[in-house]
Amino acid sequence: DKPIILKAETAGKVILTGTSYLRIAGDYLVVDGLYFNNGFPAKGHVIEFKKDEKNPSNHCRLTNSVIIDYNPKSKETESKWVSLYGSHNRVDHCYFRNKTNLGCLLVVWLSDEPNYHLIDSNYFAYRPELGVNGAEIIRIGTSDWSMHDSYTVVENNYFERCDGEREIISNKSLHNTYRHNTFVECRGTLTLRHGNFCTVEGNYFFGNNVEGTGGIRIIGEGHKVFNNYL
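So, a few notes on the structure that sits alongside this text. Every chain's residues receive numbers from 1 upward, in the order its sequence appears when written. Local features in this predicted model are restricted to residues whose pLDDT is 70 or higher, and side-chain atom pairs enter the listing and the counts only when it is 80 or higher, whereas totals over whole chains, interfaces and linings include all residues. Values shown for side chains rest on all heavy atoms present in the structure; no hydrogens or waters enter the calculation.

## A short note on the packing of aromatic side chains
In step 1: Any two rings among Phe, Tyr and Trp, with Trp reduced to its six-membered ring, count as a pair given centres within 6.5 Å; such a pair is stacked if its planes are under 30 degrees apart, edge-to-face if over 60, and tilted if neither. Tallying each qualifying case throughout the model produces 12 aromatic pairs.
In step 2: Pairing Phe96 with Phe124 gives two aromatic rings, centres 5.3 Å apart and planes at 15°, and the pair type is stacked. Here Phe96, found in strand E13 (residues 95-97), pairs with Phe124, found in strand E16 (residues 123-127); they are 28 residues apart in sequence, far enough to count as distant.
In step 3: Only protein chains enter the calculation, and the probe is 1.4 Å; a residue is then buried if its accessible area is under 20% of its type maximum, exposed if over 50%, and partly exposed in between. Of the residues examined, Phe96 reaches a relative accessible area of 1% and is grouped as buried.
In step 4: Each ring, one from Tyr116 and one from Tyr151, has its centre 5.4 Å from the other, and the planes form 15°; the classification is stacked. Of this pair, Tyr116 sits in the loop between strand E14 (106-108) and strand E15 (118-120) while Tyr151 sits in the loop between strand E17 (138-141) and strand E18 (153-155); the two residues are 35 residues apart in sequence, bridging distant segments of the chain.
In step 5: With relative accessibility at 40%, the residue Tyr116 sits in the partly exposed group.
In step 6: Through pairs of rings, three or more aromatic residues link up here, namely Phe96, Phe124, Phe159, Phe183 and Phe205.
In step 7: Note on criteria: charge over ring means Lys NZ or Arg CZ within 6 Å of the ring centre, with the direction from the centre no more than 35 degrees off the ring normal. The ring of Tyr85 has Lys50 sitting right over it, with the charged end atom 4.4 Å from the ring centre.
In step 8: Sitting over the face of the ring of Trp109, Arg139 holds its NZ or CZ atom 5.3 Å from the ring centroid. Going along the chain from the N terminus, every DSSP run of H or I of four or more residues is numbered as a helix, and every run of E of two or more is numbered as a strand.

This is the structure we're talking about:
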């Protein structure tokens, strides 16, 4: 009920640059109002929800924050902007723009227990085409962990011109929900790549006649895909 809050005195005025990165290490922690700009992560991740491999974070939140143009010089250098570990964490009301290098923008990493994360109300913008695999906006799980439960919800997000690769969102786990998201001129698809029993509901896809735009790609069993507008 009384989380520890790391908050910018004036939202958007605390700017982290250079090789700055953030580790949210603990439980019931909130990060609010930070701005990462014109740098790159020294450790391969801009923001991680864990202390170390054996101590993930739970019930934490990243909100009202921004990552823009936070890229190494080489597009082949891999980095992640947000890595979610543990369970019951939330990323909401954030703005992510112009990730140009290799590596998924936001990753949910699995364990033997479900995640129950919430990724909602964010604005993902302008991910230029990389030309190789590994440039998704959101990936939930990995191929090796694709038969594990996640129960992550991705809802009310806005994706604009996210062209990194053919998978805008790559589902690689069980029992996830994708609902009420909007995709505008994104040259790719919401892809249920591995894993079963996911729900895709009430999403909007506006290709606007842009070459390479798509909708929903379905692989696996037991999925429910309904009430989407393409």
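That was the structure; now back to the text.
## Concerning the pairing of strand E11 (residues 80-84)
In step 1: With respect to burial, E11 is a largely interior element, five of its five residues being buried.
In step 2: A pair of strands counts as paired when DSSP detects no fewer than two bridges linking them. The pairing of strand E6 (residues 45-48) with E11 spans three bridges and is classified as parallel. Residue pairing across strands places Glu48 opposite Ser83, the latter belonging to E11.
In step 3: The pairing of E11 with E14 spans three bridges and is parallel.

## Digging into the sheet that holds strand E24 (residues 199-201)
In step 1: The nine strands lie next to each other as E1-E4-E9-E12-E15-E18-E21-E24-E27, forming an open sheet whose pairing is parallel. The open sheet has two free edges, formed respectively by strand E1 (4-7) and strand E27 (224-226), since each of these has just one partner strand. The average angle at which neighbouring strand axes cross in this sheet is 5°, direction not considered. To get an axis, fit a line to the C-alpha atoms, keeping to the stretch in contact for a helix; angles then go from 0 to 180 degrees between the N-to-C directions.

## Description of the layout of surface pockets
In step 1: Quantified by volume, the largest pocket comes out at close to 190 Å³.
In step 2: Note that Gly is not counted as nonpolar here; it falls among the polar residues with everything else outside the nonpolar set of Ala, Val, Leu, Ile, Met, Phe, Trp, Tyr, Cys and Pro and the charged set of Asp, Glu, Lys and Arg. Across the lining of the largest pocket, the residue classes tally to five nonpolar, four polar and four charged. A pocket, in this scheme, is an open set of points on a 1 Å grid over the protein atoms alone with protein on both sides within 12 Å along at least 5 of 7 lines, while a cavity is a set where a 1.4 Å probe fits but cannot get out; residues line either one if an atom lies within 4 Å of a point. Grid points are joined across faces, edges and corners, and a volume is the space filled by probe spheres set on the points.

## Examining the state of the cysteines
In step 1: Criterion for a disulfide: a pair of cysteine sulfur atoms within 2.5 Å. Inspection of every chain in the model, using the stated rule, returns zero disulfides.
In step 2: Looking at the unpaired Cys104, the closest cysteine sulfur is the one in Cys162, lying at 11 Å.

## Remarks on the nonpolar core
In step 1: Note on terminology: a nonpolar core comprises buried Ala, Val, Leu, Ile, Met, Phe, Trp, Tyr and Cys residues joined through side-chain atoms within 4.5 Å. Ile138 and Phe159 are the most contacted members of the largest nonpolar core, which has 41 residues in total.
In step 2: The element contributing the most residues to this core is E11, with three residues.
In step 3: Contacts are residue-level and defined by heavy atoms, with any inter-residue pair within 4.5 Å sufficient. Setting aside residues no more than four positions away along its own chain, Phe159 makes contact with Phe124, Ile137, Ile138, Ile168, Ile169, Asn181, Thr182, Phe183, Val184 and Cys186.

## Describing the environment of Thr19
In step 1: With respect to the helices, strands and loops of the structure, Thr19 is situated in the loop between strand E2 (14-18) and strand E3 (22-23).
In step 2: Residue classification places Thr19 among the partly exposed positions, given a relative accessible area of 41%.
In step 3: In this view, Thr19 contacts Phe40, Ala42 and Tyr70; residues no more than four positions away in its chain are not counted.

## Concerning the environment of Gly86
In step 1: Positionally, Gly86 belongs in the loop between E11 and strand E12 (90-92).
In step 2: Among residues more than four places away in sequence, those in contact with Gly86 are Pro56, Ser57, Asn58, Asn115 and His117.

## Points about the sheet that holds E17
In step 1: With parallel pairing, the eight strands of this open sheet are ordered in space as E3-E6-E11-E14-E17-E20-E23-E26. This sheet does not close on itself; its edge strands, each paired only once, are E3 and strand E26 (216-218).
In step 2: Relative to E26, strand E23 (residues 189-194) runs parallel, the two sharing three bridges. Across the sheet, the residue bridging to Thr191 is Arg217, located in E26.

## Regarding the pattern of salt bridges
In step 1: Salt bridges, as used here, are contacts in which a Lys or Arg side-chain nitrogen is within 4 Å of a carboxyl oxygen on Asp or Glu. Using the criterion set out here, one finds 12 salt bridges in the structure.
In step 2: Across the pair Glu53 and Lys50 runs a salt bridge whose closest N-O atoms are separated by 2.4 Å.
In step 3: Take Lys50: its relative accessible area is 6%, and that puts it in the buried class.
In step 4: Asp92 is the partner of Arg61 in a salt bridge, and the nearest nitrogen-oxygen pair spans 2.8 Å. Here Asp92 lies in strand E12 and Arg61 lies in strand E9 (residues 61-63), a separation of 31 residues in the sequence.
In step 5: For Arg61, a relative accessible area of 30% corresponds to the partly exposed category.
In step 6: The class of Asp92 is buried, set by a relative accessible area of 0%.
In step 7: One salt-bridge network, held together by shared partners, links Arg23, Glu48, Lys50 and Glu53.

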